[in-house]
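Observations on the model geometry
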Amino acid sequence: TRCCCSVLPGDSDLSARMNGMMGRTSDDVNVGSNSLLLFTWVYALFALCFVWPPQAFVQSGLTVQGLFSAQLGDEGKDFVGFHIRRSTATLVAHASLVLMYAVAVLADLVPHGRLSPVVTVLLYVAIAASFAAYATAIVWRLQRWKRHPIVRSLQRYDRENWNRAADTISNEYRRIDKAVVRLGNTVVIVTNSWIVQVRAYSLDIAHQGDVDMSVVEVRTLPSTEGIEPLQIVSIRVTDVRPGSVPFVIRLQSVYFNELQDMLRNSVRNARDVMLQLSLSDRFLEELKAIVASSDAVAVPEAPDNCVGCMQTQSNVKISKRCVDVPGSEACTQCFCRPMWCLPCLGKWFVSNQPQNHPEEWLSGRASCPTCRARFCVYDLHPLILPPSSSSSTSSDDTRIHHD
């Protein structure tokens, strides 16, 4: 009599086959999990680069503006219309990224039972959210953008016809007298009347006459170039109009003065934070001290406004007074009448210096914008104005005059 626990003939082969099948199934599951993980990592990396494109993606045209350039139009001609279309295309493109991932995973893994029910439900929710985004974009377009967030912001300023406010912003954007400050993928634009922050799906818009601006945070970050730390300033923009939502703009502190120059009202700095100046601003401060200590030059009549900014009276003259140093470039005499204010002439001087070597700026040379005579910082002199004009201009703190 054979024991019931004994192995029947051929049972060993059956057991081996079953173990082999179980081993292959386990291997298939592991391979499927590994392939899903690899696909997820690669796809997530591509999606992040598409949403926040690095310079390589921008140069290759792998951005929303690059892929849909023919449909978006010209930003310079129709700024608001361009960003209405751009934000809509961005919504559709980002929704497509989610949809393509969800469909690819479901089509490959669900038939083999390799996904848990919870993950499967999440993927179907992602697909539904993608179609909801498509539907939103279609509704915006069919209703002539009336429900678009940008249009709703503009309706605060003109409920009857939002296009009038849009045309005003677009017209001012075409002018050269505006400030454009970038930080990452965010762009802040300040025109004569408007403050606009470009975001992925909308625009933050505020009229300069209706806003209160204040510094709410200053952060110091290590510089990626290793020159000096970056100081990021956060400014809260509060519009007094009903229904307006405050927004925060962020920029490097070195661009703060450029932004302030375009604003009608000063930005409140309640915390009295010392903002970091740009290299150009620091050079200009040093240049002002040098010019203030130079010998003044008398002029027979009050000069005209600066040809650079057309706002400030010319207050500096180029006149060779420096001592030539053997082995270095010699300065030449300039016979031009005073035509520039010190800030504009200082910016001109900096633009003619090696930008990668700011330590050489004070010892550098530049050409007169008019006659091309070579001069250095020690050839710049303040003016002595006639008595009839000096009293009327002494109140302007941007002018350097010696009485």
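Residues numbered from 1 in each chain as written. Predicted model: local features only at pLDDT ≥ 70, side-chain atom pairs only at ≥ 80, totals over all residues. Heavy atoms only, no water.

**What to know about the layout of surface pockets**
In this model, the second largest pocket occupies a volume close to 990 Å³. Along its surface, the second largest pocket is lined by 30 residues, and Q65, G184, N185, T186 and V187 are the ones closest to its centre. At the level of elements, α1 (11-51), α2 (55-60), α3 (64-67), α5 (79-109), β1 (179-183), β2 (186-190), β3 (194-198) and β7 (247-252) are the ones that each hand at least two residues to the lining of the second largest pocket. Among the elements that make up the lining of the second largest pocket, the one with the highest residue count is α5 (four residues). For the lining of the second largest pocket, the per-class residue count stands at 14 nonpolar, 11 polar and five charged. (1 Å grid on protein atoms, 1.4 Å probe; cavity = no way out; pocket = protein on both sides within 12 Å on 5 of 7 lines; lining within 4 Å. Points joined across faces, edges and corners; volume = space filled by probe spheres on them. Helix = DSSP H or I, 4+ residues; strand = E, 2+ residues; numbered from the N terminus. Nonpolar A, V, L, I, M, F, W, Y, C, P; charged D, E, K, R; others polar.)

**Brief notes about helix α10 (residues 279-292)**
If you check α10, its first and last C-alpha atoms are 20 Å apart, about what 14 residues at 1.5 Å a residue would give, namely 20 Å. For α10, the secondary structure elements touched by its buried residues are β9 (316-318), α11 (342-351) and β12 (380-384). (Expected span 1.5 Å × (residues − 1). Contact = heavy atoms within 4.5 Å.)

**Remarks on the state of the cysteines**
Under the defined criterion, the tally for this structure stands at zero disulfides. The structure places no disulfide on C341, whose sulfur is separated from the nearest cysteine sulfur, that of C344, by 3.5 Å. A residue is classified by how much of its surface remains accessible, and C341, at 2% relative accessible area, is buried. (Disulfide = S-S within 2.5 Å. Buried < 20%, exposed > 50% of the residue type's maximum accessible area, 1.4 Å probe, protein only.)

**Description of empty space enclosed by the protein**
The full count for this structure, using the stated rule, is one cavity of 30 Å³ or more. Roughly 80 Å³ of volume is contained in the largest cavity. Lining the largest cavity, in full, are V316, K317, I318, C334, C336, R337, P338, M339, W340, L345, C368 and T370. The element contributing the most residues to the lining of the largest cavity is β9, with three residues. Looking at the lining of the largest cavity residue by residue, the classes come out as nine nonpolar, one polar and two charged.

**Re the pairing of β1**
Pairing between β1 and β2: five bridges, direction antiparallel. The residue of β2 that forms the bridge with V181 is V188. Hairpin connection from β1 to β2: two residues lie between these consecutive antiparallel strands, with G184 at a positive phi of about 65°. (Pairing = 2+ DSSP bridges.)

**A few points about the nonpolar core**
Counting 52 residues, the largest nonpolar core has F79, L154, M213 and I235 as the members making the most contacts within it. Top contributing element to this core by residue count: α5, with nine residues. Contacts of F79, omitting those with residues within four sequence positions, involve I169, S170, Y173, I189, V196, V198 and L203. Within the second largest apolar cluster, 25 residues are counted, among which are I290, L342, C344 and F375. (Core = buried A, V, L, I, M, F, W, Y, C linked by side-chain atoms within 4.5 Å.)

**Considerations on the sheet that holds strand β8 (residues 297-298)**
The strand order across the open sheet formed by three strands is β8-β12-β9, and the pairing between neighbours is mixed. Two strands close off the open sheet at either side, each with one partner strand: β8 and β9. In this sheet, β12 lies alongside β8 in parallel orientation, the contact comprising two bridges. Directly across from A298, in β12, lies its bridge partner I384.

**Let's talk about the pattern of salt bridges**
Taken as a whole and judged by the stated rule, the model has nine salt bridges. For D158, the salt bridge is made with R164, and the minimal N-O distance between the two is 2.7 Å. Assessed through its relative accessible area of 14%, D158 is described here as buried. Among the salt bridges present, the one from R199 reaches D204, with a minimum N-O distance of 3.0 Å. On the basis of relative accessibility, which here comes to 39%, the residue R199 falls in the partly exposed class. Through salt bridges with shared partners, a single ionic network connects D158, E160 and R164. (Salt bridge = Lys/Arg side-chain N within 4 Å of Asp/Glu carboxyl O.)

**Observations concerning the sheet that holds β7**
With respect to topology, three strands assemble into an open sheet ordered β5-β6-β7, the strand pairing being antiparallel. Edge positions in the sheet fall to β5 (211-221) and β7, since each has one partner strand and no second. Here the average twist between neighbouring strands, direction ignored, is 25°. Relative to β7, strand β6 (residues 230-239) runs antiparallel, the two sharing six bridges. Within β7, the position partnered with R236 by the bridge is V248. (Axes fitted to C-alpha atoms, helices over the stretch in contact; angles between N-to-C directions.)

**So, α11**
Listing the buried residues of α11 in full gives L342, C344, L345, G346, F349 and V350. Check the buried side of α11 and you find it contacts α10, β9, β10 (366-367), β11 (374-375) and β12.

**Remarks on the packing of aromatic side chains**
According to the stated counting rule, one finds 11 aromatic pairs in the structure shown. Plain terms: the ring middles of F39 and Y43 are 5.7 Å apart, the flat faces sit at 35° to each other, and that makes the pair tilted. Taken together, the positions of F39 and Y43, both in helix α1 and four residues apart, correspond to about one turn of that helix. Look at F39 and you get partly exposed, because its relative accessible area is 33%. Overall, the relative accessible area of 16% leaves Y43 in the buried class. Taking the centre distance of 5.5 Å and the plane angle of 40° together, the rings of Y43 and Y101 count as tilted. One end of the pair, Y43, is in helix α1; the other, Y101, is in helix α5, with 58 residues separating them in the sequence. Here a set of aromatic residues connected by ring pairs shows up, and it is made of F283, F349, W361 and F375. (Phe/Tyr/Trp six-rings, centres within 6.5 Å; stacked < 30°, edge-to-face > 60°.)

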